[in-house]
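Spelled out from the first residue to the last, the chains are:
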Amino acid sequence: MGATSNAEQPNPPPTSRNRRQFLADAVLAVGAVLGLGGLAFRFAQYLYPVILPEKLVEVSAGKVAEIPEGGVRYVNLPEGPVMLENAGTEVRAFSAICTHLGCIVQWQKDRKEFVCPCHGGVYDINGKVTYGPPPRPLDPLEARIRSGEVFVMMKVRKEEPV
Amino acid sequence: MSRLTTWLHERVPVDPEELRKPLREPLPVHLKQWVFCLGGTPAMLFGLLAITGILLTFYYVPYPAQAFASVSNITYRVRMGWFIRGIHQGASQLMIVTVLLHMIRVLFTRAYRKPREFNWFFGAGLFMLTLTFAFTGYSLVYDQLSYWATTIGTNMIADLPVLGKPLLYFLRGGPDVNPNTLTRFYDFHVGVLPLLTTLLVVVHIIMVRLHGVARLEADPREETYPFFPDHMLKEVIIGLLILIGLVNYVMFFPPIVGAVATPGNTPGHIRPEWYFFPTYRWLKLTSLTIGIGGSICYVTGLFFWPFIDAAMEKIAPNRNLWVYVGSACFLVTIVFLLWEAIAG
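Here's what I pulled together on the structure shown here. Predicted model, so just to flag it, every value in this text is computed and none were measured.

All names here are of chain B. Here helix α6 (residues 117–139) crosses helix α9 (residues 179–211) at 160°, and the two axes come no closer than 9 Å. For the element pair α6 / α9, the angle class is roughly antiparallel. Crossing hand, α6 versus α9: left-handed. The class makeup of the residues in the contact of α6 with α9 is 17 nonpolar, 10 polar and no charged.

Before going further, it helps to examine empty space enclosed by the protein. All names here are of chain B. A complete count under the given rule lists 1 cavity of 30 Å³ or more for this structure. Each pocket or cavity is described by its volume, and for the largest cavity that value is around 60 Å³. Put simply, the parts of the chain that give the lining of the largest cavity at least two residues each are α7 (144–158) and α9. The class makeup of the residues in the lining of the largest cavity is 5 nonpolar, 4 polar and no charged.

Turning next to the pairing of strand β4 (residues 91–95) of chain A. Residue and element names in this part refer to chain A. Taken across its 5 residues, β4 has 4 buried, putting it largely inside the fold. Where strand β3 (residues 80–86) meets β4, 5 bridges bridge the pair, whose relative direction is antiparallel. Looking across to β4, one finds that V82 is bridged to S95. Here β4 pairs with strand β9 (residues 140–141) via 2 bridges, running antiparallel. When the bridges of β9 are listed, A93 appears paired with L141.

Taken together, the contacts link 18 residues of chain A with 27 residues of chain B. Summed over both partners, the interface of chain A with chain B buries about 1,800 Å², with 64% contributed by carbon and sulfur atoms. When residues of chain A are sorted by the area they lose upon contact with chain B, Y48, L101 and H119 of chain A head the list and together hold 30% of the total. The interface formed by chain A and chain B contains 0 salt bridges. In this structure, the connection of chain A to chain B is made through 6 residue pairs in polar contact (both at pLDDT 80 or more). Of the residues in the side of chain A that touches chain B, the class split is 12 nonpolar, 5 polar and 1 charged.

Each value, and the rule that gives it
Residues numbered from 1 in each chain as written. Chains lettered and ligands numbered in written order. Predicted model: local features only at pLDDT ≥ 70, side-chain atom pairs only at ≥ 80, totals over all residues. Heavy atoms only, no water. Axes fitted to C-alpha atoms, helices over the stretch in contact; angles between N-to-C directions. Helix = DSSP H or I, 4+ residues; strand = E, 2+ residues; numbered from the N terminus. Parallel < 35°, antiparallel > 145°, perpendicular 65-115°, else oblique. Left-handed = near helix turned anticlockwise from the far one by under 90°. Nonpolar A, V, L, I, M, F, W, Y, C, P; charged D, E, K, R; others polar. 1 Å grid on protein atoms, 1.4 Å probe; cavity = no way out; pocket = protein on both sides within 12 Å on 5 of 7 lines; lining within 4 Å. Points joined across faces, edges and corners; volume = space filled by probe spheres on them. Buried < 20%, exposed > 50% of the residue type's maximum accessible area, 1.4 Å probe, protein only. Pairing = 2+ DSSP bridges. Contact = heavy atoms within 4.5 Å. Buried area = accessible area lost by both parts, 1.4 Å probe. Salt bridge = Lys/Arg side-chain N within 4 Å of Asp/Glu carboxyl O. Polar contact = N/O pair within 3.5 Å; in protein donor to acceptor, adjacent residues only side chain to side chain.

So, to be careful, I would describe these as geometric facts and stop short of saying anything about function.
Structure below.
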């Protein structure tokens, strides 16, 4: 008797139930994606460092007299490593960072070349690439002389609000 | 059932028989050969690395001003510190060797083919994780090699297309190598990478279980033998031999500490650990774009090798192109490694 009455009960149309189910699933899925996505985005924001803007500043790099005549002097400044070249009437400055993968180049006095100890890149006295994988010349820096002292314009990141 | 067993079973309702089932997994008889027992070795070494790694964290300080001094302290002052560090260092090198040997075995027996492509993919992922472990690991020592390897390695990432710069900032915790970099590398080394590796190892083993061990084309025998005790015994023997070898190696060649990291001075003739020699030599030979692009292609090719093999088979059936291409890649890698080792 019970079985018969169960069989007689009208079933809801399958399509409408599926549609309702689908909508419920879709809302849940969108909610989950938005919620978890938002959370993941906040996590990523937390992990991504604050990059301070760059500023050009004038930095003292020592006395002109300290650079050998016709030669090069390496100065490791807090703002970055620099090569100072005594070119007779003027002083030229280059960043000492190899443009390939960031090692510090070394001045080879006898060969009159800058050589990178990491991947063997070679630059001439003008900073131009003469051998190896560096993609561009050494970055030139503006150098000024005042009262026998060399000042180099260098990019630094100032501790200021971004 | 004894009263104790019943009591325990009521509280932990697990059928012991179910637990024993995986131990009886039937393995093809070709696995009785030693060369087919290499898969478990990296897993054992990973366990050893986890234990010794946890021990090292008791004394290591992940901050530039103290990192080098703390490693020196571990190496020269802490009781048995040299031994723990030596085992950790040696096991990491051996792990790379054993993962490589396992991959070479899978490569040349073509065990990666349909339907096991995904598992090769996971395996390649584990190989990359192992290399990242090694890279972040020796960056923590904060000697000259550490510092310049970190500088070069992260600068390589900067040259990746589109995502390079953001990824560089994220990894370094700033535009340059700075105190955040060491903290981040430490977090990767002791937190993120172990978690990812454990997950991937579990997935890798589950996939092997689901598919069953690949049968050899050259060995049509249908017989099997159980994982426990026969195969397990072989794995244990390998593990013990490795342990004996490692302990002896550390006794005769205890770890040392190089010169402290000096950001303004790249030492002459610096080069990374031997497992990065092929990439290092490649970068010396090519322009930056080709160097980075070629490395990306090589790694991508490694991950998708099963599909490359299938495509080659389709283009030229029964020509065994996979042997030639696979061997060529393998040989080039070995030649670059030796070249850097000898001429570097």
